Amino acid sequence: GKTIQAIALLLHRAAEGPALVVAPTSVVPNWVDELGRFAPTLRVRTFMGSGRARELDELGPFDLLVTSYSVLQLDIDALAKIDLATVVLDEAQTIKNAGTLRARAAVRLRARHPRPRRRWGGPPGRRLDPTARPGPRGAAPLPSAAPRGP
């Protein structure tokens, strides 16, 4: 459900410019498959492996980069220069500690919308650290994706 909601948001904003999905390495192929199935109008580019810098050339509307948190951390200088329409951070608990390199990299991403969305993953009892600094420009969870209290 959360992935489909994120894809719907990406489709809704596709004409505004390029977008970025950051996910754990193990689920990047799943994102690419789901995007191909539910969002065939998006030009999906996997931003991983050698030669990935070429994927940043001439990004525009309907372009979507899918990458891992590890690559985000490595290539944040290049990714931070891109004016993105939307950023989706899958499994956002990966950046819950604001002091980590991954969290600091995520905060440097630039998105046109003032409140990019984070997706929570895992069991409903898992919560992001409430004392942690918010993600990119005050990221907030999608309403239906937020963990619910007891």
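Preceding block: the structure.
All values reported here derive from a predicted model rather than from experimental measurement. (Residues numbered from 1 in each chain as written. Predicted model: local features only at pLDDT ≥ 70, side-chain atom pairs only at ≥ 80, totals over all residues. Heavy atoms only, no water.)

## Examining the overall build of the chain
Within the chain, the secondary structure is distributed over five helices and six strands. The secondary structure elements of the chain, listed N-terminal to C-terminal, are α-β-α-β-β-α-α-β-α-β-β. Counting only contacts in the chain whose residues sit at least 6 apart along the sequence, the fraction spanning at least 24 positions is 65%. Counting only carbon and sulfur atoms, one obtains 54% of the accessible surface of the chain, whose full area is about 7600 Å². (Helix = DSSP H or I, 4+ residues; strand = E, 2+ residues; numbered from the N terminus. Contact = heavy atoms within 4.5 Å. Areas by Shrake-Rupley, 256 points an atom, 1.4 Å probe, with all protein chains shown as cover.)

## Observations regarding the pattern of salt bridges
Counted under the stated rule, the structure contains six salt bridges. Close ionic contact of E34 with R37 constitutes a salt bridge, the shortest N to O distance being 3.3 Å. Residue E34 and its partner R37 are located together in helix α2 (residues 28–38), separated by three residues, close to a single helical turn. The exposure class of E34 is partly exposed, given its relative accessible area of 21%. For R37, a relative accessible area of 55% gives the class exposed. Put simply, D77 and R108 hold a salt bridge, and the shortest N to O gap is 3.0 Å. One end of the pair, D77, is in helix α4 (residues 76–79); the other, R108, is in helix α5 (residues 101–108), and 31 residues separate them in sequence. A relative accessible area of 40% means that R108 is categorised as partly exposed. (Salt bridge = Lys/Arg side-chain N within 4 Å of Asp/Glu carboxyl O. Buried < 20%, exposed > 50% of the residue type's maximum accessible area, 1.4 Å probe, protein only.)

## Re the pairing of strand β1 (residues 19–23)
Judged by how many residues are buried, β1 sits mostly within the fold: five of five residues are covered. Residue alternation in β1 divides its side chains into two sets, A19, V21 and A23 and L20 and V22, and both sets are buried. Here β1 pairs with strand β3 (residues 63–68) via five bridges, running parallel. From the neighbouring strand, L20 faces β3, where its bridge partner is L65. Here β1 runs beside strand β4 (residues 86–89); their pairing, made up of four bridges, is parallel. Pairing of L20 across the sheet is with V87, part of β4. (Pairing = 2+ DSSP bridges.)

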